[in-house]
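# Architecture at a glance
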Amino acid sequence: MSVLVYTESENGKFKKNAFEVASYASALAKKLGTSATAISFNAEDPSSLGAYGVSKVLNISNANLNTFNAKAYANSIAEAAAQEDAKTVVVSSSADTKFLAPLLAGKLKAGYVPNVVAAPESTSPFTVKRTAFSNKGFAYTQINSDVKIIGVSNNSFGIHEDSTSAASENFNPSLNDGDFNTKSIEIDKVVGKATIADADIVVSGGRGLKGPENWGMIEELANVLGAATACSKPVSDLGWRPHGEHVGQTGKPVASNLYIAIGISGAIQHLAGVSSSKVKVVINTDAEAPFFKAADYGIVGDAFEVVPQLIEKLKEFKAQNA
Amino acid sequence: MKILVCISNVPDTTSKINFTDGDTKFDTNGVQFVINPNDEFGLTRAMWFKEKQGASVHVVTVGGTSTEPTIRKALAIGADEAIRVNAEPTDGFFVAEQLADVVKNGGYDLVIAGRESIDYNGGMVPGILATLLDMNFVNTCISLEVDGTNATAMREIDGGKEKIATSLPLVIGGQKGLVEESDLRIPNMRGIMMARKKTLNVIEPVAAQKATEDIKFEKPAARGAVKLVDNVDDLINLLHNEAKAI
């Protein structure tokens, strides 16, 4: 009756969120008096998850699963859950996982709760705290089904080292052709740059920047900080930046450690989308901009003066603290 | 092609969120309800399939009588018929079971839902529905083309997008990108008049498990006041030494 955790990898290497969900699962397993088992796909070093308290890793080596496939992955995880008699499955909140988790829920007839922000409030009844109303509130959700799936919100539980030695086993799920009816034919992805989903720092620009030609300084600032770039809804609607950068209620949520908003006034939908970020900095000419009320630090000033100075000073800071 | 668009009735995006009854219920007082934005992008794409490819478009919602203005709006935008499953949509699994029953009885080829409702953010209804019906599924879908029974979709992934080949019958979890914001339609007077005459079938729910239950709600803790600084040196200093964010 172990806790099963799906640990994502990319090109054989575990993603950062894999360590967070592994930490979550092993803390939960301890609470339940059991152990945590991870499932991974084509991971190079599965037993490294022992560092986060996992005691067993079922690793699947299958070239057909090198590219993410939601249904084939979900069916593999379901089979592992059955084999391990796992009643609790822990997953992340990445785009891929939010694709497979509902399929897994359907398959296991499980209650699935995404966007969970903390360890369970109680395990009997099983109750978790999650964000709701697009981050304008929280819900305490009780899961009544026999099997439970918990989707841990990015960057909410944190990574906790808990050295255990993890045994790695090969796992061969029985997949059929029907599991591959939905095929990836092309992936267009930024490489070597932080993404909004997993970046520690996000630098975001709004209409105050006046036009797409002024995004050079946003990208440079992001570059200095190793940050991802994002934008407000009007900016993506105007076509200044791609939709994938739109953060807010109908765009992407942001749960970074640091969110820097430049020339964004702070519409309620935008504030909701970024409210899970831990530290918020606002740079805006308008001292009355609503974003200042939701921020930790602010500079009332012209982005075209402040941002270039910030870039220079941060470069000096980085050089001193390297 | 028969299309079913699943509509969730949600507070409009500008709503302030409050709770009532000892923080156990969402306070609907003074709240304007609308078609869930993620569903509206899908509905608008369905209109394109209707106009260019002769598809028929039905809409469905799971909800009480108070959701009827929202579903009528979908009819005014151009859907042909509407179905309301007369039950409170308190759990994603339960809602998916209701929709699965509607899809089975209606023989739909394509089911378009939103990737999540902007109120309870379950994000699970389209995927569970696809599993219950053994239909193909694409989530966070930002473009969709259908040619015969073949479908080509684009989905948003972390840091980019992925092109996917699949086939009908298909369930989509849609979002902005299926159509642009500027493609969204405001119902005109003729549409509103016609919508009054269109069929709205009310059906009773089928028995299904409620896998989850929201027992309590909470608003985010109030933030401390913003610290304003007038130069970037102070900002860097605070971010480094106080916030430990850089």
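Check the entry above for the structure.
Please read these numbers as outputs of a predicted model, since none were measured by experiment.

Turning to the pairing of strand S9 (residues 126–132) of chain A, a few remarks are in order. All names here are of chain A. Along S9, six of the seven residues are buried, which leaves the element largely enclosed by surrounding structure. Bridging between strand S8 (residues 122–123) and S9 involves two bridges; their strand directions are antiparallel. Across the sheet, Thr-123 pairs through a bridge with Phe-126, a residue of S9. Relative to strand S10 (residues 137–143), S9 runs antiparallel, the two being bridged by seven bridges. The residue bridging Arg-130 from the neighbouring strand is Ala-139, located in S10. Taking the residues between adjacent antiparallel strands as the criterion, S9 and S10 are bridged by four residues, where Phe-133 takes a positive phi near 50°.

A word on the interface of chain A and chain B. Opposite the 73 residues of chain A that make contact, chain B presents 66 residues. Residue contributions to the side of chain A that touches chain B peak at nine residues, all from helix H3 (residues 95–108) of chain A. Across the side of chain A that touches chain B, the residue classes tally to 35 nonpolar, 25 polar and 13 charged. Note: strand S18 (residues 297–300) of chain A against strand S15 (residues 227–228) of chain B, two bridges, orientation parallel. The residue of S15(B) that forms the bridge with A:Tyr297 is B:Lys227.

Looking now at the environment of B:Asp214. Among the structural elements, B:Asp214 can be located in strand S14 (residues 212–218). We classify B:Asp214 as partly exposed; it has 19 C-beta atoms within 10 Å. Spatially, the C-alpha atoms of B:Asp214 and B:Ala130 are 24 Å apart, while their sequence positions differ by 84 residues. Every residue in contact with B:Asp214, bar those within four places of it in the chain, is listed here: A:Ala139, A:Tyr140 and A:Thr141.

Judged by nonpolar contacts, the single largest core of 174 residues is most densely connected at A:Val5, A:Ala25, A:Val90, A:Leu104, B:Val5, B:Val111 and B:Leu129. Each of domain 1 (3–180) and domain 2 (201–320) of chain A contributes no fewer than three residues to this core. With eight residues, the next largest nonpolar core counts A:Phe138, A:Ala139, B:Phe26 and B:Tyr120 among its residues.

Cut-offs and rules
Residues numbered from 1 in each chain as written. Chains lettered and ligands numbered in written order. Predicted model: local features only at pLDDT ≥ 70, side-chain atom pairs only at ≥ 80, totals over all residues. Buried ≥ 20, exposed ≤ 12 C-beta atoms within 10 Å, placed from the backbone. Helix = DSSP H or I, 4+ residues; strand = E, 2+ residues; numbered from the N terminus. Pairing = 2+ DSSP bridges. Contact = placed C-beta atoms within 7 Å. Nonpolar A, V, L, I, M, F, W, Y, C, P; charged D, E, K, R; others polar. Core = buried A, V, L, I, M, F, W, Y, C linked by C-beta atoms within 7 Å. Domains from an automatic or database assignment.

By themselves, these figures tell us nothing about what the structure is for.
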